[in-house]
Amino acid sequence: MKILKIAFWILWRIWFYVLMAVPIFVMLPFLLISIISERGYPYFFKMARIWAKIILFGMGFYYIVKREQKLIKGKSYMIVANHTSMTDIMLTLVLVKNPFVFVGKKELVKIPLFGFFYKRTCILVDRSSSKSKNEVFKRAQNRLNQGLSICIFPEGGVPDDESILLDEFKDGAFRLAIEHQIPIVPIVYPDNKERFSYTFLSGSPGKMRAKILPFVETEGLTTDHRKELRDKVRAMILNGLLEYQK
């Protein structure tokens, strides 16, 4: 029985990367056209949402979302969520229709084909370089000025210790939200770690619940409030995760 489980996990993980690659090959000409200039990003985003849905359904995941507040079309937001799985990327793309840009770690550039588009459409950060962090801030500001939204996983990465329910938050997302006076959209993902964690021999098809919490307004706040804002949003997401555990 254990051998069968291991065989399933290996084939299932391989299938995940097949699902990542095939839609990109099919849509390749349109994807390439959409990244020629930044103005084409909304079209790229629509194709990215299709790609994400194919992966989730192809892996046997089905999502259930509870929305306590809805995003307004054409408005910019700062989207933040707990981060435990690569599927957090796909699920966020499916849930949020407003075009947004990910701020993510540069290591994902190494994934064949996916990395090519990831590098050209996302804002990459090298967490070991302070210069890189400053550059990220400038690029994010530019995207917000274009009317797009930004998505940041404020833990700064997936904790190595999978027993950690929610790691500490970094300040960057909250500083940006305050400077641009845009609402923060907190999202809770309680099942993604169980469904598809970074541990290779783990996971299973099944439900992925998500909860979009009430937005946190930043109007009137200054950068002096960023730590208070950060802690407030983290507490909201943590409480949301604890409610699901009950």
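Here's a quick rundown of the structure. The shown structure was predicted, so the numbers you read here are calculated from the model rather than taken from an experiment.

**Remarks on the pattern of salt bridges**
Then, in step 1: Under the defined criterion, the tally for this structure stands at 10 salt bridges.
Then, in step 2: For the salt bridge of glutamate 168 with arginine 234, the shortest nitrogen-to-oxygen distance reads 3.7 Å. One end of the pair, glutamate 168, is in the loop between strand E5 (149–152) and helix H7 (172–180); the other, arginine 234, is in helix H9 (residues 226–245), with 66 residues separating them in the sequence.
Then, in step 3: Judged by its relative accessible area of 52%, glutamate 168 falls in the exposed class.
Then, in step 4: For arginine 175, the salt bridge goes to glutamate 179, with nearest N and O atoms at 3.9 Å. Taken together, the residues span about one helical turn, with arginine 175 and glutamate 179 both in helix H7 at a distance of 4 residues.
Then, in step 5: Given a relative accessible area of 39%, glutamate 179 falls into the partly exposed group.
Then, in step 6: Taken together, the salt bridges that share partners define one network made up of Asp171, Arg226, Lys227, Arg230 and Asp231.

**Structural notes on the packing of aromatic side chains**
Then, in step 1: Within this structure, the stated rule accounts for 18 aromatic pairs.
Then, in step 2: Taken together, a centroid distance of 6.0 Å and an interplanar angle of 45° make the contact between phenylalanine 57 and tyrosine 63 tilted.
Then, in step 3: Assessed through its relative accessible area of 28%, tyrosine 63 is described here as partly exposed.
Then, in step 4: Here the aromatic rings of phenylalanine 169 and phenylalanine 174 are separated by 6.2 Å at their centres, their planes lie at 15°, and the arrangement is stacked. Across this residue pair, the class does not change: phenylalanine 169 and phenylalanine 174 are buried.
Then, in step 5: Taken together, the ring pairs connect Tyr41, Phe44, Phe45, Phe100, Phe102, Phe116, Phe117 and Phe153 into an aromatic cluster.
Then, in step 6: The ring of phenylalanine 196 carries the charged tip of arginine 13 above its face, separated from the ring centre by 3.9 Å.
Then, in step 7: Positioned above the aromatic ring of tyrosine 41 is the side chain of arginine 143, whose terminal nitrogen or guanidinium carbon lies 5.0 Å from the ring centre.

**Quick word on helix H1 (residues 2–26)**
Then, in step 1: For H1, spanning 25 residues, the distance from its first C-alpha to its last is 36 Å, which sits close to the expected 36 Å at 1.5 Å a residue.
Then, in step 2: Of the residues making up H1, those classed as buried are Trp9, Trp12, Arg13, Phe16, Leu19, Met20, Pro23 and Ile24.
Then, in step 3: Buried-residue contacts for H1 involve helix H2 (28–34), helix H3 (41–58), strand E1 (61–67), helix H4 (87–95), helix H5 (114–121) and helix H8 (192–196).

**Thoughts on the sheet that holds strand E7 (residues 206–212)**
Then, in step 1: Strand order in the open sheet formed by 7 strands is E1-E7-E6-E2-E5-E3-E4, and the pairing between neighbours is mixed. On the outer flanks of this sheet lie E1 and strand E4 (123–125), each paired with one strand and no other. Pairwise comparison of adjacent strand axes, ignoring direction, gives a mean angle of 25° for this sheet.
Then, in step 2: Two elements, strand E2 (residues 78–81) and strand E6 (residues 184–188), share 4 bridges in a ladder whose sense is parallel. Looking at the pairing, alanine 81 lines up with isoleucine 187 of E6.

**Things to note about the pairing of E6**
Then, in step 1: The buried count for E6 comes to 5 of 5 residues, which makes it a mostly enclosed element.
Then, in step 2: Burial along E6 is two-sided: the residues Ile184, Pro186 and Val188 and Val185 and Ile187 are all buried.
Then, in step 3: Sheet analysis places E6 next to E7, joined by 2 bridges and oriented antiparallel. Note on E7: the bridge partner recorded for isoleucine 187 is isoleucine 212.

**Focus: the nonpolar core**
Then, in step 1: One finds Trp51 and Met78 to be the most contacted residues of the largest nonpolar core, which totals 80 residues.
Then, in step 2: Counting residues per element, this core draws most heavily on H3, which supplies 9 residues.
Then, in step 3: When sequence neighbours within four positions are dropped, the list of residues in contact with methionine 78 reads Ile150, Ile152, Ala173, Leu176, Ala177, Ile182, Pro183, Ile184 and Val185.

**Regarding the pairing of E2**
Then, in step 1: What you see with E2 is no split at all: Met78 and Val80 on one side and Ile79 and Ala81 on the other are buried throughout.
Then, in step 2: Both E2 and E5 contribute to a ladder of 3 bridges, which runs parallel. When the sheet's bridge partners are listed, methionine 78 is paired in E5 with isoleucine 150.

So, how was this worked out
- Residues numbered from 1 in each chain as written.
- Predicted model: local features only at pLDDT ≥ 70, side-chain atom pairs only at ≥ 80, totals over all residues.
- Heavy atoms only, no water.
- Salt bridge = Lys/Arg side-chain N within 4 Å of Asp/Glu carboxyl O.
- Helix = DSSP H or I, 4+ residues; strand = E, 2+ residues; numbered from the N terminus.
- Buried < 20%, exposed > 50% of the residue type's maximum accessible area, 1.4 Å probe, protein only.
- Phe/Tyr/Trp six-rings, centres within 6.5 Å; stacked < 30°, edge-to-face > 60°.
- Lys NZ or Arg CZ within 6 Å of the ring centre and 35° of its normal.
- Expected span 1.5 Å × (residues − 1).
- Contact = heavy atoms within 4.5 Å.
- Pairing = 2+ DSSP bridges.
- Axes fitted to C-alpha atoms, helices over the stretch in contact; angles between N-to-C directions.
- Core = buried A, V, L, I, M, F, W, Y, C linked by side-chain atoms within 4.5 Å.

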